Amino acid sequence: MAPVFYYLIIKPLSLLPLWALYTLSDFLYMVAYKIGRYRVRVVSTNLKNSFPNHSEKELIKIRQQFYRHFSDLLVESLKIFSISEEEAKARFVVTNPEVLQPFIDTNRSILIVGGHYNNWEMLAVGIDAYIEHQSVAIYHALKNKFLNEKILASRSKFGLKMISRPDVKAFFANTTTLTATIFGADQSPSIAKKVYWTHFLNQETAVMFGVEKFAKEKNSPVVFGGIKKIKRGYYEFTFKVLFTEPTRCIHGEITESHVRRLEKQILEAPQYWLWTHKRWKRKKTKEERLEEQALTAKA
């Protein structure tokens, strides 16, 4: 069924110009938000908890803006399957790639951390043209092998190297290439045993600790990547170096820094974050609360 869906629907649609696909986006907005009410309850709950001081009118406005952007994101993701390298570079611009040059000059791999904000699919096909490091992204494999292979091929066709989560540790241990590894650090770490707890968007939040862990193990500089939407289908990506010597950082310093950066970005334009995601489904266990109380008592 997946091959039929891909060759009869996804691939033909991806061949359309984006201006035509935005007509589809307008239709998808009506279907997903107005008619089907796709995850509206999840989005509404996330917004209400994240912005407790906003009025109902303000929350509804953000929700509507989000679903319009979300519909654009869907059709732009379709376009990725057929987009040319030239168009990808024009639609996804890195504003300051020169800030990474010192790490090239000193032969250092880096970690790029961000979130599911604006269009991360454009990031996949656009970033490698702008940086000298080998761009690497970590992904969670889909259950459907056919679609998984097609998506991987689409994201990696212009140079990005895709590494599955189970292979991350081996990759970091064995690679000798200068890499810029991209982490989407805003996913709910529901499976991970060890997480970092903080407050994010007014809520107690578990954060994956991988960025800080690998940064310290490899002494790899940590760079935040922020995506700004210029207009429909056009994005700018800007680097901000957070830490050049992560081994000197205290526990949690790196994680707190990139979490605060993402939070600031979301607060400035909340409609561009992925509110349909069940970000806060993980809650502190009894053991974690007891451990926290013990550490507080020691301090």
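The coordinates are above.
My aim in this report is to walk through the structure given alongside it, one point at a time. (Residues numbered from 1 in each chain as written. Predicted model: local features only at pLDDT ≥ 70, side-chain atom pairs only at ≥ 80, totals over all residues. Heavy atoms only, no water.)

This next bit is on the overall build of the protein chain. The secondary structure content of the protein chain amounts to 12 helices and nine strands. For the protein chain, the spread of C-alpha atoms along the principal axes amounts to about 60 × 50 × 35 Å. Residues classed as buried in the protein chain amount to 48% of the 299 residues present. In the protein chain, the share of contacts with a sequence separation of at least 24, taken over all contacts with a separation of at least 6, comes to 79%. Each charge class in the protein chain was averaged separately, 45 positive and 29 negative side chains, and the resulting centres sit 6 Å apart. (Helix = DSSP H or I, 4+ residues; strand = E, 2+ residues; numbered from the N terminus. Buried < 20%, exposed > 50% of the residue type's maximum accessible area, 1.4 Å probe, protein only. Contact = heavy atoms within 4.5 Å. Lys, Arg positive; Asp, Glu negative; His and termini not counted. Charge placed at Lys NZ, Arg CZ, Asp CG, Glu CD.)

What follows covers helix α11 (residues 253–268). Taking 1.5 Å of rise per residue, the 16 residues of α11 would be expected to cover 22 Å, and the 23 Å separating its terminal C-alpha atoms lies within 8% of that figure. Listed as buried for α11 are Ile-254, Thr-255, Ser-257, His-258, Val-259, Leu-262, Glu-263, Gln-265 and Ile-266. Looking at the buried side of α11, the elements it contacts are β2 (110–114), β6 (195–200), β7 (203–208), α10 (210–218), β8 (222–231) and β9 (234–243). (Expected span 1.5 Å × (residues − 1).)

Turning our attention to the sheet that holds strand β4 (residues 161–164). Reading across the sheet, the seven strands line up as β1-β9-β8-β2-β5-β3-β4 and stay open at both edges, with mixed pairing between neighbours. Whereas interior strands pair on both sides, the edge strands pair on one side only; in this sheet they are β1 (92–94) and β4. On average, each strand axis in the sheet is tilted by 30° relative to the strand beside it, whichever way the strands run. Here β8 pairs with β9 via nine bridges, running antiparallel. Counted as the bridge partner of Lys-231 is Tyr-234 from β9. In the packing of α10 onto the sheet, the strands contacted are β2, β5 (179–184) and β8, and the crossing angle to β2 comes to about 165°. (Pairing = 2+ DSSP bridges. Axes fitted to C-alpha atoms, helices over the stretch in contact; angles between N-to-C directions.)

This part covers the environment of Asp-72. By the secondary structure assignment, Asp-72 is in helix α4 (residues 56–79). Placed 161 residues apart in sequence, Asp-72 and Gly-233 show a C-alpha to C-alpha distance of 7.9 Å. Leaving out residues up to four positions away in the same chain, Asp-72 has contacts with Tyr-22, Ser-25, Lys-229 and Arg-232.

A few words now on unusual backbone geometry. Of note, Arg-37 is a non-glycine position whose phi angle comes to about 55°, a positive value. Along the chain, Arg-37 falls in the loop between α2 (18–35) and α3 (40–50). Judged by its relative accessible area of 41%, Arg-37 falls in the partly exposed class. For Arg-39, which is not glycine, the phi torsion reads 50° and is therefore positive. As for its position among the elements, Arg-39 is in the loop between α2 and α3. Residue class for Arg-39 comes out partly exposed when judged on its relative accessible area of 36%.

On to the nonpolar core. Membership of the largest hydrophobic core comes to 43 residues, with the highest contact counts inside it found for Phe-200, Val-222, Ile-266, Trp-273 and Trp-275. Residue contributions to this core peak at six residues, all from α4. Non-local contacts of Phe-200, meaning those with residues more than four positions away in its chain, are made with Thr-205, Val-259, Arg-260, Leu-262, Glu-263, Ile-266, Trp-273 and Trp-280. Of all hydrophobic cores here, the second largest spans 33 residues; its members include Phe-92, Met-162, Ile-182 and Phe-237. (Core = buried A, V, L, I, M, F, W, Y, C linked by side-chain atoms within 4.5 Å.)

A few words now on helix α1 (residues 2–14). Owing to its 3.6 residues per turn, the α-helix aligns residues three or four sequence positions apart on the same side. Residues Ala-2, Tyr-6, Ile-10 and Ser-14 constitute the buried set of α1. On its buried face, α1 is in contact with α4 and α8 (145–156).

Moving on, we get to the side chain of Thr-198. Here Thr-198 is to be found in strand β6. Its relative accessible area of 7% is what places Thr-198 among the buried residues. Those residues in contact with Thr-198 that lie beyond four places of it in its chain are Gln-203, Glu-204, Thr-205, Val-207, Glu-256, Val-259 and Arg-260.

Before going further, it helps to examine the side chain of Asn-46. With respect to the helices, strands and loops of the structure, Asn-46 is situated in helix α3. Its relative accessible area of 7% is what places Asn-46 among the buried residues. Of the polar contacts made by the side chain of Asn-46, one reaches the backbone oxygen of His-277; its length is 3.1 Å. With sequence-adjacent residues up to four places away left out, Asn-46 is seen in contact with Gln-203, Trp-275, His-277 and Trp-280. (Polar contact = N/O pair within 3.5 Å; in protein donor to acceptor, adjacent residues only side chain to side chain.)

Quick look at empty space enclosed by the protein now. Counted according to the given criterion, the structure contains one cavity of 30 Å³ or more. Looking at the largest cavity, its volume works out to about 70 Å³. What lines the largest cavity is Val-113, Gly-114, Ala-185, Asp-186, Phe-200, Val-207, His-258, Val-259, Leu-262 and Arg-279. Among the elements that line the lining of the largest cavity, the one with the most residues is α11, at three residues. For the lining of the largest cavity, the class distribution of residues is six nonpolar, two polar and two charged. (1 Å grid on protein atoms, 1.4 Å probe; cavity = no way out; pocket = protein on both sides within 12 Å on 5 of 7 lines; lining within 4 Å. Points joined across faces, edges and corners; volume = space filled by probe spheres on them. Nonpolar A, V, L, I, M, F, W, Y, C, P; charged D, E, K, R; others polar.)

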